[in-house]
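An overview of the molecular structure
The residues making up each chain are set out below.
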Amino acid sequence: MPDWVTEAVEEYTRRMPPDLKLDLLEIPAGQRGKKMDAVTAKRVEGEKMLAAIPAGCQVIALDVQGKSWSTEKLAEQISRWMQDGRDVALLVGGADGLDASCLARADLRWSLSALTFPHPLVRVILAEQFYRASSILKNHPYHRG
């Protein structure tokens, strides 16, 4: 990832309250080429993602066809997740999106937008929105919605 992406994600992650920790686990993209087409690479990526989900997690797949939330709605959702007591795993697809197996495993599908974003930007958007939603929950003045 470009330095600006890493720096932005680290900054928002650092700001998160201790009871709402963000961890990034990157699954390497499947190598597309003569030996592996895009469909096979996406399936392999999906298998790796599913294998990396810790037991007992609630799984949220980022999917353009998922539910769209305002930041306030995200804050409400985070509050529910925290009350549930389980960790949450967010699945973000690679260049070709998420494999059907990941979508099938998801407890919920969330759409950031009807727009398509580059993968590096999605990381920054997620980190910032989680920080913004946590600021709403903590009555911090960061969010002025």
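All of the points below concern the structure found in this document. It should be emphasised that the depicted structure is a prediction, and the values quoted were computed from it without experimental measurement.

A sheet is described by the order of its strands in space; here three strands give the open sequence S2-S1-S3, paired in parallel fashion. Every other strand in the sheet has two partners, leaving strand S2 (88-91) and strand S3 (108-111) as the edge strands with one partner each. Shown here is a sheet whose adjacent strand axes are inclined to one another by a mean of 45°, direction ignored. Judged from the five bridges that link them, strand S1 (residues 58-68) and S3 form a sheet pairing that is parallel. Opposite Ser-68, over in S3, you have Ser-111 as the bridge partner.

In this section: the state of the cysteines. What the rule picks out here adds up to zero disulfides. Residue Cys-57 stays outside any disulfide, its sulfur separated by 14 Å from that of Cys-102, the closest cysteine. A relative accessible area of 0% means that Cys-102 is categorised as buried.

Take the pattern of salt bridges next. Pairs can form between side chains of opposite charge whenever their charged atoms are close. Evaluation of the coordinates by the stated rule reveals 11 salt bridges. Taking the shortest distance from any N to any O, the salt bridge between Arg-14 and Glu-11 comes out at 2.6 Å. Here Glu-11 and Arg-14 lie together in helix H1 (residues 3-15), a separation of three residues that amounts to about one turn. With a relative accessible area of 58%, Arg-14 lands in the exposed category. The class for Glu-11 is partly exposed, based on a relative accessible area of 29%. Across the pair Arg-15 and Glu-11 runs a salt bridge, and its minimum N-O distance is 2.9 Å. Of this pair, Arg-15 and Glu-11 both sit in helix H1, separated by four residues, roughly a single helical turn. In the salt-bridge network here, residues are joined through shared partners; they are Glu-11, Arg-14 and Arg-15.

Definitions and cut-offs
- Residues numbered from 1 in each chain as written.
- Predicted model: local features only at pLDDT ≥ 70, side-chain atom pairs only at ≥ 80, totals over all residues.
- Heavy atoms only, no water.
- Pairing = 2+ DSSP bridges.
- Helix = DSSP H or I, 4+ residues; strand = E, 2+ residues; numbered from the N terminus.
- Axes fitted to C-alpha atoms, helices over the stretch in contact; angles between N-to-C directions.
- Disulfide = S-S within 2.5 Å.
- Buried < 20%, exposed > 50% of the residue type's maximum accessible area, 1.4 Å probe, protein only.
- Salt bridge = Lys/Arg side-chain N within 4 Å of Asp/Glu carboxyl O.

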